[in-house]
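Breakdown of the fold
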Amino acid sequence: MNIREYLANNNVFLDGGTGTILQGRGLQPGEYPERWNISHPEEIQAIHRAYFEAGSNLVGSNTFGANSLKFQQDELERIIAAAFENARTARDTAKASQAKYIALDIGPLGKLLKPFGDFDFEEAVSVFANTVRIGVKNGADLVLLETMNDCYETKAALLAVKENCDLPVFVSNAYSEDGKLMTGACPAAMVAMLQGMGVDALGVNCSLGPKALMPVVREYLKYADVPVLFKPNAGMPSSVNGKTVFNVGPQEFGEDVAAMMQEGVRVAGGCCGTTPEYISQVVSRMRGKEPVPVVRHDYTMVSSYTKAVVFGDSPVLIGERINPTGKKRLKQALRENDMGFILGEGLKQQEKGVHVLDVNVGLPEINETEMLLNSVRELQAVIDLPLQIDTASPEAMEKALRYYNGKAMINSVNGKEESMKAIFPLVKKYGGLVVALTLDENGIPETAQGRVEIARKILDTARQYGLDKKDLIFDTLAMTISADQNAANATLGAIAVIAGEMGCHTSLGVSNVSFGLPNRDLVNGTFFTMALSKGLSAAIMNPFSDEMMKAYFTYRALRGLDANCGDYMAFAANYAPATAAAQKPEAAPVTQEEGKSQLQHAIVKGLVKEAASITATLLQSVDPMAIVQEDIIPALDIVGRGFEKKSVYLPQLLMSAEAASASFGKIKEKANISADSAKPRCQVVLATVKGDIHDIGKNIVHLLLENYGFQVIDLGKDVPPQAILDKVLELHAPIAGLSALMTTTVGAMEETIALVHKNAPWCKIIVGGAVLTQEYADSIHADKYARDAMETVRICTTWSE
């Protein structure tokens with residue numbers, strides 16, 4: 001029986017921590033655990049065997065960090081081969097009768113992907129794919145992607161699995177205390193993307209103890225249609241007499257995890273700090289209990305890299321302005337590759353309250369595939385709304401879907417066999433909510449019934465590709481009433497049947513109904529309300545239309561979808577009908593947040609090119625230091641405060657920092673000064689400690705410290721304690737910042753701190769990383785612990801004053 005078959009009717013028990021056990025068996029600070037597959041096979045076998053004998057069904061190979069960024073290819077091949085040989089030996093010699101499986105265990109690369117980092121998406125796919133192929137060759141039963149803390153890297157890893165094997169795949173993400181991934185994704189966003197791409201199980205591991213992760217797991221259980229996985233730490237770590245210990249014992253752990261299994265978790269185990277005893281406690285509590293059935297919620301969802309949009313009772317607004325049809329200025333921007341204008345259109349619609357942005361860049365005289373891909377990438381760098389990718393080209397669609405960060409809307413498919421054959425495989429591979437147009441080889445039916453029949457045909461065909469209702473949203477095609485007085489009735493009648501009888505969601509390009517008529521918004525607003533009353537789920541619309549927004553807010557209030565009419569009252573308080581001319585898309589006003597200059601606005605929004613251009617213009621008449629003090633630093637402070645309040649997430653913080661760097665670059669060119677001289681600060685030595693190749697956090701700190709004027713000396717990753725001390729002594733640096741992601745490398749951090757404090761007592765040390773807490777930092781005698789990059793800036797600023 002393979003793992004898919006077993007999972008369908010049974011609870012699945014995973015193993016627990018490996019790295020922390022290896023530390024207790026002699027793994028040295030900074031030593032790679034994966035090499036123990038070859039150097040200490042008996043120790044690895046003993047750990048695996050102990051987990052099987054504790055009741056684990058599934059043991060992960062000792063390959064968490066086994067990738068080509070860390071090892072040469074020949075060594076990587078030998079490490080993974082030895083890992084599976086050790087796991088098989090443990091399985092075959094374990095005194096346990098339950099079903100037993102071996103997973104290829106894959107962790108994150110420690111690289112932040114573009115545009116927020118410097119590692120290319122396809123490079124990440126390639127690195128993961130290499131490990132997958134070796135694991136498959138050595139007999140893996142499934143692939144376990146775990147401890148992923150970024151949506152985009154998770155997608156890269158999952159694509160690598162799907163494109164290189166047909167094994168089952170479980171995916172587990174690591175959440176922070178705020179219930180988000182490092183780059184801001186909420187649980188619903190991850191469920192939307194991962195289910196869309198066809199994972200066999202999904203869930204949560206690492207970071208925190210069972211109780212702290214329960215709210216995240218319950219969000220997974222709320223939205224997931226596949227088995228949910230739960231693999232928490234044994235609480236939070238600290239260092240006692242040089243050893244890492246955790247604050248949740250086996251009994252408490254077992255009670256908490258078993259309680260979540262009784263709420264619906266199907267796959268359970270442990271992460272850092274857990275041992276076979278912890279797993280045994282879970283297994284014993286669940287012995288004899290039937291698994292809770294996996295519930296199919298069938299939510300229709302799309303997502304960006306931070307948020308999900310769920311289609312339901314409340315209408316979803318899809319901004320229509322990034323579409324060249326009837327928009328001369330946008331056509332010009334596309335021809336001139338003026339990405340700043342396109343980003344501006346997106347930001348303005350976001351500020352007006354749309355939930356999704358339609359992105360259509362189709363002009364015959366440009367390379368649509370290239371422009372669509374660039375537009376999607378650039379928009380996702382500064383806007384966290386889900387996108388609707390709108391193109392008639394399957395080639396352009398696939399390229400954009402591959403690089404899209406999240407689960408996109410796909411506009412569109414129709415009832416033609418050629419269209420369905422081209423689009424449905426893309427939906428199945430990359431995930432997505434596809435807009436299904438109710439037309440076929442015979443055109444658009446004049447009647448509602450004709451359009452419903454096409455909708456049924458599309459749904460039946462979609463099911464042949466493994467898709468279902470939740471993956472489709474039907475567009476019943478608004479036609480102009482100026483040419484056919486019954487056109488609106490046909491559209492509305494089809495919506496009523498598709499929403500009511502078929503139980504499917506619907507979308508509509510509302511403004512088509514008024515084509516050729518004067519004062520079109522008057523017709524559009526009324527038609528929108530009529531469509532909503534028939535069950536319309538979403539509208540592609542102009543958010544600068546007073547009539548459309550009025551219809552939206554009043555409908556929600558009247559339908560009981562607006563708690564205490566709060567949204568309506570906020571809208572009404574600022575409602576001032578514009579003239580028809582002011583409502584034309586080309587005349588939409590440029591919006592800036594009150595009290596900010598254009599440069600501040602560009603930096604806050606992360607508009608890199610605009611920040612550089614505005615700075616260059618300002619330098620013709622404004623003192624460089626005034627630009628720094630009155631625009632750049634205040635803008636960074638605005639974003640920093642938002643980050644600390646959790647209203648701004650890491651990608652936005654990074655793009656704002658990049659925009660500030662671009663502004664500083666212009667100042668340096670023009671005035672021969674730099675960020676350092678603009679606001680002089682002290683030197684800071686940064687390093688990821690020995691044995692740890694994960695440098696995302698350190699690189700973020702580096703970028704922000706430089707923007708605030710610190711002179712940063714970055715020693716890189718996997719840096720020995722002596723090298724860090726040598727640089728501190730050479731520079732007489734007053735501050736050193738140390739980073740570690742893995743529990744197994746915190747020992748190297750403690751060793752470094754002791755060495756620097758002994759030989760450079762003037763140097764204050766600040767530490768950070770996923771495995772650290774204030775208590776842990778205190779126990780290894782760090783001077784300060786920073787939860788995130790902005791707190792590091794605040795601490796260093798205080799120390800430098």
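Because the structure is predicted, anything quoted here is derived from the model rather than measured.

**Examining the overall build of the chain**
Looking only at helices and strands, one finds 32 helices and 25 strands in the chain. Principal axes of the C-alpha set define a box for the chain whose edges measure 80 × 70 × 50 Å. Across the 801 residues in the chain, those meeting the buried criterion constitute 60%. A separation of at least 24 residues holds for 75% of the contacts in the chain among residues at least 6 apart in sequence. With the model as given, the accessible surface of the chain reaches about 30,000 Å², and the carbon-plus-sulfur share is 49%. Separation between the mean location of the 76 positive side-chain charges and that of the 94 negative ones in the chain comes to 1 Å.

**As for the pairing of strand β23 (residues 735–739)**
With five of five residues buried, β23 is to be regarded as a mostly interior element. Burial along β23 is two-sided: the face carrying Ile735, Gly737 and Ser739 and the face carrying Ala736 and Leu738 are both buried. Note that strand β21 (residues 683–688) and β23 share five bridges and pair parallel. Bridging from a neighbouring strand, Thr688 pairs with Ser739 of β23. Across five bridges, β23 lies against strand β24 (residues 764–768) in parallel orientation. If you follow Ile735 over to β24, its bridge partner there is Lys764. In the classification by handedness, the crossover that spans β23, the intervening helix α30 (residues 746–759) and the parallel β24 is right-handed.

**Things to note about the pattern of salt bridges**
Tallying each qualifying case throughout the model produces 35 salt bridges. When the shortest N-O distance is used, the salt bridge between Glu75 and Arg35 registers 2.7 Å. Of this pair, Glu75 sits in helix α5 (residues 73–93) while Arg35 sits in the loop between α2 (19–24) and α3 (36–39), and the two are 40 residues apart along the sequence. For Glu75, a relative accessible area of 17% puts it in the buried group. Where Asp440 meets Lys457, a salt bridge forms, and the shortest distance between an N and an O atom there is 3.6 Å. Of this pair, Asp440 sits in the loop between β17 (433–437) and α17 (448–464) while Lys457 sits in helix α17, and the two are 17 residues apart along the sequence. Looking at Asp440, the relative accessible area reads 12%, which means it is buried. Owing to a relative accessible area of 27%, Lys457 belongs among the partly exposed residues under this scheme. Overlapping salt bridges bring together Glu122, Glu163, Arg402 and Lys429 as one network.

**So, the sheet that holds strand β22 (residues 711–714)**
Two orientations exist for strands paired in a sheet by backbone hydrogen bonds: parallel and antiparallel. Taking strand neighbours across the sheet as the criterion, the five strands line up as β22-β21-β23-β24-β25 in an open arrangement whose pairing is parallel. Looking at the sheet topology across the chains shown, the edges are occupied by β22 and β25 (784–785). Set on the sheet, helix α28 (residues 696–707) makes contact with β21, β22 and β23; between it and β21 the angle comes to about 165°. Helix-sheet contacts for helix α32 (residues 789–800) involve β23, β24 and β25, and the interaxial angle to β24 is about 175°.

**Thoughts on the side chain of Lys470**
Residue placement: Lys470 occurs in the loop between α17 and β18 (472–475). Filtering out sequence-adjacent residues up to four positions away, Lys470 remains in contact with Gln195, Asp225, Arg296, Asp298, Tyr299, Thr300 and Leu433.

**Some points on the side chain of Arg402**
When you line up the elements, Arg402 lands in helix α15 (residues 394–403). By relative accessible area, Arg402 is classed as buried at 12%. If sequence neighbours within four positions are ignored, Arg402 has contacts with Phe121, Glu122, Val125, Lys155, Leu159, Glu163, Lys429 and Tyr430.

**Some details on empty space enclosed by the protein**
In this structure the tally under the stated criterion is two cavities of 30 Å³ or more. Its boundaries defined by the atoms lining it, the largest cavity holds a volume of some 60 Å³. Taken together, Pro115, Phe116, Tyr152, Val376, Arg377, Gln380, Tyr403 and Asn405 form the lining of the largest cavity. Of all the elements, helix α14 (residues 368–382) adds the most residues to the lining of the largest cavity, at three residues. Each residue belonging to the lining of the largest cavity can be placed in one class, and the counts come to five nonpolar, two polar and one charged. Approximately 30 Å³ is the volume attributed to the second largest cavity. At three residues, helix α6 (residues 121–137) tops the list of elements feeding residues into the lining of the second largest cavity. Per-class residue counts for the lining of the second largest cavity are six nonpolar, four polar and no charged.

**Overview of the sheet that holds strand β1 (residues 12–13)**
With parallel pairing, eight strands are arranged side by side in an open sheet as β1-β10-β7-β6-β5-β4-β3-β2. A strand with exactly one partner marks an edge of an open sheet, and here the two such strands are β1 and β2 (58–60).

**Remarks on the nonpolar core**
Judged by nonpolar contacts, the single largest core of 229 residues is most densely connected at Leu145, Phe474, Phe528 and Ile632. When residues of this core are assigned to their parent elements, the largest contribution, nine residues, is made by helix α26 (residues 650–671). The contacts of Ile632, once residues within four sequence positions are left out, are Leu599, Ile603, Ile627, Ala660, Ser663, Phe664 and Ile667. By size, the runner-up hydrophobic cluster in this structure holds 28 residues, among which are Ala687, Ala740, Leu772 and Tyr785.

**Digging into the confidence of the model for the chain**
Low pLDDT means the predicted atomic positions in that stretch should not be read closely. Per-chain confidence: the chain averages 93 in pLDDT, with 96% of residues scoring 70 or above. Low pLDDT (under 50) marks residues 584–595, which in the prediction has 26 contacts with non-local residues, meaning those over four places away or in another chain. pLDDT under 50 marks residues 674–678. Its contacts with residues more than four places away, or in other chains, come to 13 contacts.

**Observations concerning the packing of aromatic side chains**
Evaluation of the coordinates by the stated rule reveals twelve aromatic pairs. With 5.5 Å between their ring centres and 80° between their planes, Tyr32 and Phe71 make a pair best called edge-to-face. Here the residue Tyr32 occupies a position in the loop between α2 and α3, and Phe71 occupies one in the loop between β2 and α5, the gap between them amounting to 39 residues. Under the relative-accessibility criterion, Tyr32 is labelled buried at 9%.

**Remarks on the packing of helix α4 (residues 41–54) against α5**
Closest axis-to-axis distance for the α4/α5 pair is 8 Å, and the angle between their directions is 45°. When the interaxial angle is binned, α4 and α5 end up oblique. As for how α4 packs across α5, the hand of that crossing is right-handed. Residues Pro41, Ile44, Gln45, His48, Arg49, Phe52 and Glu53 of α4 pack against Asn86, Ala87, Thr89, Ala90, Arg91 and Thr93 of α5. Considered class by class, the residues forming the contact of α4 with α5 number five nonpolar, five polar and three charged.

**Examining the pairing of strand β11 (residues 300–303)**
Neither face of β11 is exposed, since Thr300 and Val302 on one face and Met301 and Ser303 on the opposite face are all buried. Two strands pair when backbone bridges link them, and β11 and strand β12 (residues 308–311) are joined in this way by four bridges, in the antiparallel orientation. From the neighbouring strand, Met301 faces β12, where its bridge partner is Val310. The antiparallel pairing of β11 with β12 creates a hairpin that spans four residues between the two strands.

**Let's talk about unusual backbone geometry**
The linkage connecting Lys114 with the following residue, Pro115, adopts the cis geometry, with an omega of 10°. Cis peptide bonds are those with omega within 30 degrees of zero, and the linkage from Asn411 to Ser412 qualifies with 25°. Within the secondary structure layout, Ser412 lies in strand β16 (residues 409–414). Residue Cys565 is not a glycine yet carries a positive backbone phi of 55°. Assignment of secondary structure puts Cys565 in the loop between α20 (546–558) and α21 (566–573). Overall, the relative accessible area of 32% leaves Cys565 in the partly exposed class.

Quick notes on the rules
- Residues numbered from 1 in each chain as written.
- Predicted model: local features only at pLDDT ≥ 70, side-chain atom pairs only at ≥ 80, totals over all residues.
- Heavy atoms only, no water.
- Helix = DSSP H or I, 4+ residues; strand = E, 2+ residues; numbered from the N terminus.
- Buried < 20%, exposed > 50% of the residue type's maximum accessible area, 1.4 Å probe, protein only.
- Contact = heavy atoms within 4.5 Å.
- Areas by Shrake-Rupley, 256 points an atom, 1.4 Å probe, with all protein chains shown as cover.
- Lys, Arg positive; Asp, Glu negative; His and termini not counted.
- Charge placed at Lys NZ, Arg CZ, Asp CG, Glu CD.
- Pairing = 2+ DSSP bridges.
- Right-handed = clockwise from strand over helix to strand, strands pointing away.
- Salt bridge = Lys/Arg side-chain N within 4 Å of Asp/Glu carboxyl O.
- Axes fitted to C-alpha atoms, helices over the stretch in contact; angles between N-to-C directions.
- 1 Å grid on protein atoms, 1.4 Å probe; cavity = no way out; pocket = protein on both sides within 12 Å on 5 of 7 lines; lining within 4 Å.
- Points joined across faces, edges and corners; volume = space filled by probe spheres on them.
- Nonpolar A, V, L, I, M, F, W, Y, C, P; charged D, E, K, R; others polar.
- Core = buried A, V, L, I, M, F, W, Y, C linked by side-chain atoms within 4.5 Å.
- pLDDT = per-residue confidence, 0-100.
- Phe/Tyr/Trp six-rings, centres within 6.5 Å; stacked < 30°, edge-to-face > 60°.
- Parallel < 35°, antiparallel > 145°, perpendicular 65-115°, else oblique.
- Left-handed = near helix turned anticlockwise from the far one by under 90°.

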